[in-house]
Amino acid sequence: MTDFHLDARVLAAYVDGGLDDADAWSVEAHLDRCAGCRAGIVLDEPTERLVEAAAVALVRRLPPPGRARPASTWRRLRVLLSAAPAARGAWLMAVAVAGLAFLGASVGPATLPPWLLLLLAPALPVVGTALSYGPRTDPLHELVAGTPHGGLRIVLWRTLAVLTATAPVAVLAGTVTGLGPPAVWPLMCLALTALTLALGSLVEPATAAGVVLGMWALVVLAPFGAWAVVVDSGPVWLAVTTAALAVLYVRREQVGRRAA
Amino acid sequence: MTTLSIRGLRVGYGRRLVLDDLDLELGVGVHGLLGPNGAGKTTLMRVLATVLRPDRGDVRLLGQPLADDAGLRRARRRLGYLPQSFGFYPRFTVREFVEYFAWLREMPPAEIPLAVDRAIERVGLLDRADDRMKHLSGGMLRRAGIAQAIVNDPGLLLLDEPTAGLDPEQRVEFRALLRELGLDAVVVVSTHLVEDVVAACARVSLVDNGRLVFTGLPDELIAAGEDGDSGDSPIERGYTAVLRGAREAAR
């Protein structure tokens, strides 16, 4: 910036095209250097739109400065997924449990009881989801929580990433154990995850996951064999999912935006 | 023109009252927010950044009332925020980091690549744009943080201690950037460095103990100081004089 600034009337004449060429050139030479005077240019709305459109069109045609990436959907998805380190953690956990399931299948149910897989497989997405957002586990929470896309929307994206990794493991575990129809296993994952999200709008996500997992452990480990019943109650799981989603919708402004 | 207005703001953590009945109106330009540590500066910034919900009070940002969901979303799109401390995802490059926030603030996709590079260039980090965040120094991290805050050309820019970790040369460049940004946006800079205020701010507000105790031009703050007040510069003397006056009045 320089100390010299253009007179408002000169600037207005320049915008209206009222200056001769030589004067207009010197005005432009100054505008190139001076952000203050550039900010003083007042355009009417059609002209502003035209300038905006020209800028966008030019950028598309110019070779990108540095190594700017085009804003493709694919790149958005990639940035989004690498933005949730915990989603990657869920992948690792899923692989570990899948290994456990295969081990169970090869050594027989005597050494690896089916209730252990039932306890672990639907718990994976709960843990993964709870770790993927919130002030304690997301290092950028403070920044993300203040953005329009940062609440429920980003949380649902990350949950989707975690479920994509963990639901197939649940199907696998269901097949290996032979408990209930395999389709009920991913449904259990979905229901417990939705419960965690809904509860996470009231308390810390980690606390919500703890409560949900505690209840789940009680059900699976109950002495009277409740675990045999849960795998056969598809409609109940559907009802739980629906109820949790309703709570989630009502409290959407609180999801993923709790202050530290 | 007022683009930020706060009335009767009250925020507490548990039983402790952090901000008490605070009123503030700000228009376009660079505003310095001064105050001792623990005065409530960061809490005020977090309320303005829509991260912290106030217990009571009416907050309007860029003409949008925050009590209404649609207004809140519109305000958030035009907001830029740099918290005092922020983490990062180690695998992100600077460009990905800035791009992520352009996307989170719902910018039109066609504008994002240019806006990202422009923001990184304005903080002087373009040569490190493809480096991973974990390989950056403290000052560079802070500049990457400033880049994400300005990527959407915010109408309201909130910077909490932005000069911490910058060397003297970078601070001078940053002040020039601030003056440029303040031409068409409300810029609120919270700082404890009084010299930043003199160099870059058109107005200054002073917060002490959860209350606004002074708001005016930097020259008016300087004029409040007398030779007997402690401080190494005229504005430091003004700062201590205003604080002392406010504390005596509160008693």
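Worth saying up front: this structure is predicted, and the values here are computed from it rather than measured. (Residues numbered from 1 in each chain as written. Chains lettered and ligands numbered in written order. Predicted model: local features only at pLDDT ≥ 70, side-chain atom pairs only at ≥ 80, totals over all residues.)

**Some thoughts on the overall build of chain B**
So, point 1. In terms of helices and strands, chain B carries nine helices and 10 strands.
So, point 2. The C-alpha atoms of chain B give a radius of gyration of 18 Å, which matches the 18 Å a tight globule of 251 residues would have.
So, point 3. Burial status across chain B gives 48% buried among its 251 residues.
So, point 4. In chain B, the proportion of contacts linking residues at least 24 apart, taken out of those at least 6 apart, comes to 63%. (Helix = DSSP H or I, 4+ residues; strand = E, 2+ residues; numbered from the N terminus. Rg over C-alpha atoms; globule rule 2.2 N^0.38 Å. Buried ≥ 20, exposed ≤ 12 C-beta atoms within 10 Å, placed from the backbone. Contact = placed C-beta atoms within 7 Å.)

**As for helix α1 (residues 41–48) of chain B**
Residues and elements named next belong to chain B.
So, point 1. Most of α1 sits out of view: eight of its eight residues are buried.
So, point 2. Of the positions making up α1, those classed as buried are K41, T42, T43, L44, M45, R46, V47 and L48.
So, point 3. Positive backbone phi, approximately 65°, marks T50, located one or two places after α1.

**Things to note about the nonpolar core**
Most often, soluble globular proteins have nonpolar side chains that are buried together.
So, point 1. Membership of the largest hydrophobic core comes to 131 residues, with the highest contact counts inside it found for V98(B), A147(B) and L158(B).
So, point 2. Top contributing element to this core by residue count: helix α10 (residues 152–177) of chain A, with 14 residues.
So, point 3. Other than its neighbours up to four places away in sequence, L158(B) contacts M45(B), L48(B), A49(B), G80(B), Y81(B), L82(B) and V188(B). (Core = buried A, V, L, I, M, F, W, Y, C linked by C-beta atoms within 7 Å.)

**Some details on the sheet that holds strand β3 (residues 29–34) of chain B**
Strand-to-strand pairing in sheets goes through backbone hydrogen bonds, with the strands running parallel or antiparallel.
Residues and elements named next belong to chain B.
So, point 1. Ordered in space as β6-β7-β8-β3-β9-β10, the six strands form an open sheet in which the pairing is mixed. Looking at the sheet topology across the chains shown, the edges are occupied by β6 (79–82) and β10 (211–216). Across the sheet, the axes of successive neighbouring strands diverge by a mean angle of 15°, strand direction being ignored.
So, point 2. As paired elements, strand β9 (residues 203–208) and β10 share five bridges and run antiparallel to each other. (Pairing = 2+ DSSP bridges. Axes fitted to C-alpha atoms, helices over the stretch in contact; angles between N-to-C directions.)

**Topic: the UniProt feature "transmembrane region" (unreviewed entry) in chain A**
So, point 1. Here, UniProt's "transmembrane region" (unreviewed entry) annotation points to residues 79–103, 115–134, 155–177, 183–203, 210–228 and 234–250 of chain A.
So, point 2. Segment residues 234–250 of chain A splits into 100% helix and 0% strand. End C-alpha atoms: 25 Å apart. (UniProt positions renumbered as here; feature names shortened; annotations may be inferred.)

**Let's talk about the environment of A75(B)**
Residues and elements named next belong to chain B.
So, point 1. In this fold, A75 is placed in helix α2 (residues 69–77).
So, point 2. A count of 25 C-beta atoms within 10 Å places A75 in the buried class.
So, point 3. C-alpha separation for the pair A75 and R142, spaced 67 residues apart in sequence, amounts to 24 Å.

**Considerations on the interface of chain B and chain A**
So, point 1. At the junction of the two partners, chain B supplies 39 residues and chain A supplies 31 residues.
So, point 2. Among the secondary structure elements, those contributing two or more residues to the side of chain B that touches chain A are α2, β6, α3 (94–104) and α4 (112–122) of chain B.
So, point 3. Looking at the side of chain B that touches chain A, its residues break down into 23 nonpolar, two polar and 14 charged. (Nonpolar A, V, L, I, M, F, W, Y, C, P; charged D, E, K, R; others polar.)

**Considering the pairing of strand β4 (residues 56–61) of chain B**
So, point 1. As judged from the two bridges shared by β4(B) and strand β5 (residues 64–65) of chain B, these two strands associate in the antiparallel manner. In the strand pairing of β5(B), L61(B) is matched with Q64(B).

**With respect to unusual backbone geometry**
Glycine aside, negative phi is the norm for most residues, and most peptide bonds take the trans geometry.
All names here are of chain B.
So, point 1. Phi is positive for E106, which is not a glycine, with a value near 60°.
So, point 2. Here E106 lies in the loop between α3 and α4.
So, point 3. Overall, E106 belongs to the partly exposed group, with 15 C-beta atoms counted inside 10 Å.
So, point 4. Here the phi dihedral of E161 falls at roughly 50°; this positive angle occurs in a residue that is not glycine.

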